[in-house]
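# Geometric and topological summary
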Amino acid sequence: MSGLEQEANLLGALGTVVADRTAEAIARAAGQSATAATALSALRHFLDRPSIDLLRQVLGLTSSGTVRLVDRLVEAGYVTRGPGADGRTTTVLLTEAGRQAADRVSAARAAVLSDALARLSPADRQVLGRILGELLTGFIRGPGATKWLCRLCDTDACGRAEGRCPVANAALAAYGQTRHPTP
């Protein structure tokens with residue numbers, strides 16, 4: 001016997017199926033890899049002309065992998081490169097086609113998540129939301145970590161601007177900042 005509790009095992013299974021179905025849906029929506037779709041979403045929702053290094057940090061890629069990803073997104077017409085703050089860095093900016101692709105990615109992700117919750121009553125969804133907020137705040141790591149927790153979040157849906165995002169609120173309390181924390 002593994003010693004794993006049933007609830008933990010169910011959470012693991014749910015995490016796997018949601019991650020798999022989300023990756024498939026967002027890749028299909030973007031016509032790119034799931035990583036490229038995630039980059040488009042992050043650029044649309046919370047990254048404003050990030051450096052390639054910041055995009056690397058958000059996605060958890062190597063520097064060379066991020067450059068290759070940006071090359072593919074430029075080739076697809078989804079992003080352009082621009083000058084950075086210090087002349088040595090390069091920034092990434094969504095094009096109109098990139099914004100449209102990012103919106104398709106967000107819609108595809110929303111459909112997967114809505115389908116996952118469809119069996120729950122409104123009251124159960126509210127309880128689940130509170131529990132999920134508690135669980136997510138337990139995964140926050142400090143500034144500078146990679147593979148940001150919120151890299152696919154729809155910041156409007158989480159209520160970040162209104163101060164309702166449990167992850168942003170916990171990061172503010174712990175680190176004095178509200179940049180999207182990482183798991």
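Below you will find a few notes about this structure. (Residues numbered from 1 in each chain as written. Predicted model: local features only at pLDDT ≥ 70, side-chain atom pairs only at ≥ 80, totals over all residues. Heavy atoms only, no water.)

### Details of the overall build of the chain
Looking only at helices and strands, one finds eight helices and two strands in the chain. Across the chain, helices and strands are ordered from the amino to the carboxyl terminus as α-α-α-α-β-β-α-α-α-α. The C-alpha atoms of the chain give a radius of gyration of 17 Å, which matches the 16 Å a tight globule of 183 residues would have. Expressed as lengths along the three principal axes of its C-alpha atoms, the size of the chain is roughly 50 × 40 × 35 Å. In the chain, which comprises 183 residues, the share counted as buried stands at 34%. Across the chain, every contact between residues at least 6 apart in sequence was considered, and the portion connecting residues at least 24 apart equals 60%. Separation between the mean location of the 21 positive side-chain charges and that of the 17 negative ones in the chain comes to 4 Å. (Helix = DSSP H or I, 4+ residues; strand = E, 2+ residues; numbered from the N terminus. Rg over C-alpha atoms; globule rule 2.2 N^0.38 Å. Buried < 20%, exposed > 50% of the residue type's maximum accessible area, 1.4 Å probe, protein only. Contact = heavy atoms within 4.5 Å. Lys, Arg positive; Asp, Glu negative; His and termini not counted. Charge placed at Lys NZ, Arg CZ, Asp CG, Glu CD.)

### Observations regarding the environment of Ser64
Its place among the elements puts Ser64 in helix α4 (residues 63-75). Through-space distance from the C-alpha of Ser64 to that of Ile52 is 9.9 Å; in sequence the pair is 12 residues apart. A distance of 3.4 Å separates a polar atom in the side chain of Ser64 from a polar atom in the side chain of Thr62. (Polar contact = N/O pair within 3.5 Å; in protein donor to acceptor, adjacent residues only side chain to side chain.)

### Observations concerning the nonpolar core
Formed by 27 residues in total, the largest nonpolar core has its most connected members in Leu40, Leu47, Leu55, Val58, Leu73, Val79 and Val92. Only α1 (6-30), α2 (34-45), α3 (52-59), α4, β2 (90-94) and α5 (96-117) provide two or more residues apiece to this core. Per element, the largest residue contribution to this core is six residues, and it comes from α2. Leave out the neighbours within four places in its chain, and Val58 touches Ala42, Phe46, Leu47, Lys147, Trp148 and Arg151. Of all hydrophobic cores here, the second largest spans seven residues; its members include Ile140, Cys153, Cys165 and Val167. (Core = buried A, V, L, I, M, F, W, Y, C linked by side-chain atoms within 4.5 Å.)

### Some points on unusual backbone geometry
Of note, the phi angle at Arg49 is positive, near 50 degrees, even though the residue is not glycine. Position of Arg49 among the secondary structure elements: in the loop between α2 and α3. Non-glycine residue Lys147 carries a positive phi angle of around 60 degrees. As for its placement among the helices and strands, Lys147 is situated in the loop between α6 (122-137) and α7 (155-158).

### Digging into the state of the cysteines
Per the counting criterion, the structure on display carries zero disulfides. A disulfide-free cysteine, Cys153 has its sulfur positioned 4.1 Å from the sulfur of Cys150, the nearest such atom. (Disulfide = S-S within 2.5 Å.)

### Considering the packing of aromatic side chains
The description of an aromatic ring pair rests on the distance of the ring centres and on the angle between the ring planes. The tally for this structure, following the rule as stated, stands at one aromatic pair. Consider the rings of Phe46 and Trp148, whose centres lie 6.0 Å apart with planes at 15 degrees: the pair is stacked. Residue Phe46 is located in the loop between α2 and α3, and its partner Trp148 is located in the loop between α6 and α7; the two are separated by 102 residues in the primary sequence. Accessibility expressed as a relative area gives 4% for Trp148, which makes it buried. (Phe/Tyr/Trp six-rings, centres within 6.5 Å; stacked < 30°, edge-to-face > 60°.)

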